[in-house]
Amino acid sequence: MSTFIVIAALMVVVALGWVLLPLLRSSSGGAVERRAANLSIYRDQFADLDADLKRGTISPQQHGEAKSELERRMLEDAKVDQAPAAPISSSSYRTALAVLLAVPVVAGLLYARLGSPDAFSPLATTPQNSHDMTGEQVDEMVAKLQQRLEKEPDNVDGWVVLARTYYTMRKFPEASAAYEKLTALIPNDADLLADYADALAMSQGRRIAGKPLELVNRALKIDPNQWKALAMAGTEAFERKDYAGAVDHWTKLQSSAPPDAPIAQQIQSSIDEARKLAGLPPAAVAQSPAAKPRATAPAPAPAAPAVSPAVAAGGKSVSGTVTLASGLAAKASPSDAVFVFARPSDGRKMPIAIMRAQVKDLPLKFTLDDAKSMSDATKISGFDEVIVAARISRSGNAMPVSGDLEGVSKPIKVGANGLAITIDRVIP
């Protein structure tokens, strides 16, 4: 922020100098310029006389008389140019003062109107760039964000930033409290539930048993392939000496990891150890990426049951398919988060129902109903018309940032089916 302010101030100073110098320039400067112009004219006229004399168009007598006349006029002009320069008028001072005051004020007003003053908001600072800040700056940002959330308790974006900032700072109890509030606002997001379980387990000395395991099971019920939940479920089963259960969870986790990724080798080592302790034969070739675990756990499966029941129950939902425009495919990674949400058509930006997936799940069938509502007080069934949007977030945050990809529908009636949303633009 300080760099931006310094650059902006320098630009204003340069602009002021460009405008004020001509206003405050003394009349002597104009006299010098006028004298130089007159000398150039006289020089040309003397040259013309000499040329006429050589060509014979004028006589030597005429040449002498004309030259004497030019010399006399040149001396008279020189006397005029040597007169004292006129002082700067008071009107010039007034004009310069007005410009000096007006330019910074107008520039500030234009930036407030057309610029991005919200970029200095605490919400614009995310955990991804917090390592560039001092500890005092991070604490100040967190304090301001907490104050804002006291006034805006349903601000999902703010709770996401706060929870992840606390986790990055290794303040796991505070992160757990923030995730608890966040999962109350978005109760059916498997990724958030897994993050909540992780933070809570860390706050309990890495112990997964108890409430963290309940959250893990909730996440796996929503998305059986949620990677963090599978990893934690396998670890908890291993600690209970349920080695067969650990093998089952870790095998599903392995099927979702690229075969050449370092984590795939670590998972395989854990599976081998658990199989040995369980008295199971070595996995051998059956555990390769092309084997049965990958085929029996397709990623889109959890989303399928959510489509038809909500539509049948009174039509208080919207459903459809999200696709990514081919021209933007290169701008997204398979692991980037995809948020699909509905918001009121009256211009309010707060989502009333939301779900989360990944780019690798596209094209994605979705249904937004009361089960995916942000809060019990605000449900999609309470609205007649909504706008549905889909956003690809590189940061994993629901808060939009420059570079995210987005597609937005026109206002539609709640109960509409077969909605087609294409993610076709880049957020500037």
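The rules behind each value
Residues numbered from 1 in each chain as written. Predicted model: local features only at pLDDT ≥ 70, side-chain atom pairs only at ≥ 80, totals over all residues. Heavy atoms only, no water. Helix = DSSP H or I, 4+ residues; strand = E, 2+ residues; numbered from the N terminus. Contact = heavy atoms within 4.5 Å. Areas by Shrake-Rupley, 256 points an atom, 1.4 Å probe, with all protein chains shown as cover. Buried < 20%, exposed > 50% of the residue type's maximum accessible area, 1.4 Å probe, protein only. Core = buried A, V, L, I, M, F, W, Y, C linked by side-chain atoms within 4.5 Å. Phe/Tyr/Trp six-rings, centres within 6.5 Å; stacked < 30°, edge-to-face > 60°. Axes fitted to C-alpha atoms, helices over the stretch in contact; angles between N-to-C directions. Parallel < 35°, antiparallel > 145°, perpendicular 65-115°, else oblique. Left-handed = near helix turned anticlockwise from the far one by under 90°. Nonpolar A, V, L, I, M, F, W, Y, C, P; charged D, E, K, R; others polar. Pairing = 2+ DSSP bridges.

Whenever I open this one, the overall build of the chain confuses me. Can you help?
When you go through the chain residue by residue, the secondary structure sums to 14 helices and nine strands. Counting contacts in the chain only where the partners sit at least 6 residues apart, residues at least 24 apart contribute 59% of the total. As displayed, the chain has an accessible area near 24,200 Å², and 59% of this comes from carbon and sulfur atoms.

Would you take a moment to explain the environment of Arg275 for this structure?
With respect to the helices, strands and loops of the structure, Arg275 is situated in helix H12 (residues 262-278). Using a relative accessible area of 13% as the deciding quantity, one classes Arg275 as buried. Sequence separation of Arg275 and Tyr243 is 32 residues, and the distance between their C-alpha atoms is 6.7 Å.

Where do I start with the nonpolar core in this structure?
Soluble globular proteins tend to pack their nonpolar side chains together in the buried interior. One finds Trp159, Leu162, Tyr179, Leu182, Val216 and Trp250 to be the most contacted residues of the largest nonpolar core, which totals 52 residues. Ranked by residue count, the leading element in this core is helix H8 (residues 190-203), at nine residues. Aside from chain neighbours lying at most four places away, what touches Leu182 is Val156, Trp159, Val160 and Leu192. Core analysis: the next-biggest nonpolar cluster, separate from the first, contains 28 residues, Val318, Ala332, Ala342 and Ile423 among them.

Looking at this structure, I do not really get the packing of aromatic side chains. What am I missing?
The final tally for this structure, using the stated rule, is three aromatic pairs. Ring geometry for Tyr167 versus Phe172: centroids 5.2 Å apart, planes at 70°, classification edge-to-face. Here Tyr167 falls in the partly exposed class, since its relative accessible area comes to 28%. Arranged with centres 5.2 Å apart and planes meeting at 70°, the rings of Phe238 and Tyr243 form a pair that is edge-to-face. A residue is classified by how much of its surface remains accessible, and Phe238, at 22% relative accessible area, is partly exposed. Taken together through their ring pairs, the aromatic side chains of Phe238, Tyr243 and Trp250 make up a single cluster.

What is the right way to read unusual backbone geometry from this model?
Backbone geometry follows two general trends: most residues other than glycine have a negative phi, and most peptide bonds adopt the trans configuration. Note the cis peptide between Leu362 and Pro363, where omega equals -5°. A positive phi angle is found at Arg170, which is not glycine, with a value near 65°. By secondary structure assignment, the location of Arg170 is in the loop between helix H6 (156-168) and helix H7 (172-185). Residue Arg170 is classed as exposed on the basis of its relative accessible area, which comes to 54%. Even without being glycine, Arg206 reaches a positive phi, approximately 70°. Tracing the sequence through the fold places Arg206 in the loop between H8 and helix H9 (211-222).

Is there a simple way to think about the packing of H8 against H9 in this case?
How two helices sit against one another is set out by the angle between their axes and by the gap between those axes. In contact at an axis separation of 8 Å, H8 and H9 are set at 165° when each is read in the N-to-C sense. The orientation of H8 with respect to H9, classified from their angle, is roughly antiparallel. In the crossing of H8 with H9, the sense of the turn from one axis to the other is left-handed. For the pair H8 and H9, contact is made by Ala190, Leu193, Ala194, Tyr196, Ala197, Leu200 and Ala201 and by Lys211, Pro212, Leu215, Val216, Arg218, Ala219 and Ile222, respectively. Residues belonging to the contact of H8 with H9 are distributed by class as follows: twelve nonpolar, no polar and two charged.

How do you make sense of the sheet that holds strand S4 (residues 364-368) when you look at a structure like this?
Note on sheets: strands pair through backbone hydrogen bonds, and any given pair is parallel or antiparallel. Across the sheet, three strands lie side by side as S4-S1-S8; this open sheet has mixed pairing. Unpaired on one side and paired on the other, S4 and strand S8 (419-423) mark the two borders of the sheet. On average, each strand axis in the sheet is tilted by 30° relative to the strand beside it, whichever way the strands run. The pairing of strand S1 (residues 318-324) with S4 spans five bridges and is antiparallel. Bridge pairing in S4 links Ser319 to Thr367.

Whenever I open this one, the side chain of Glu236 confuses me. Can you help?
You can see Glu236 is positioned in helix H10 (residues 227-239). Given a relative accessible area of 5%, Glu236 falls into the buried group. When residues no more than four places from it in sequence are discounted, the contact partners of Glu236 are Ile208, Ala209 and Leu213.

I keep staring at the packing of H8 against H10 and nothing clicks. Help me out?
Axis separation between H8 and H10 bottoms out at 8 Å; the angle between their running directions is 40°. By the angle between their directions, the pair H8 and H10 is classed as oblique. The two elements H8 and H10 meet at a crossing, and its hand is left-handed. Here Ala194, Asp195, Ala197, Asp198 and Ala201 of H8 lie close against H10, whose contacting residues are Lys228, Ala229 and Met232. Each residue belonging to the contact of H8 with H10 can be placed in one class, and the counts come to five nonpolar, no polar and three charged.

Quick question: what am I supposed to make of the environment of Ala233 here?
For Ala233, the position within the fold is in helix H10. C-alpha of Ala233 to C-alpha of Ile208: the two residues are 25 residues apart in sequence and 8.3 Å apart in space.

Whenever I open this one, the pairing of strand S2 (residues 337-344) confuses me. Can you help?
Taken residue by residue, a regular strand's side chains alternate between the two faces of the sheet. Summarising burial for S2: eight of the eight residues are buried, a large majority. The pairing of S2 with strand S3 (residues 353-358) spans six bridges and is antiparallel. Its bridge partner lying in S3, Val340 is registered against Met355. As paired strands, S2 and strand S5 (residues 385-393) are joined by eight bridges and run antiparallel to one another. From the neighbouring strand, Phe339 faces S5, where its bridge partner is Arg391.

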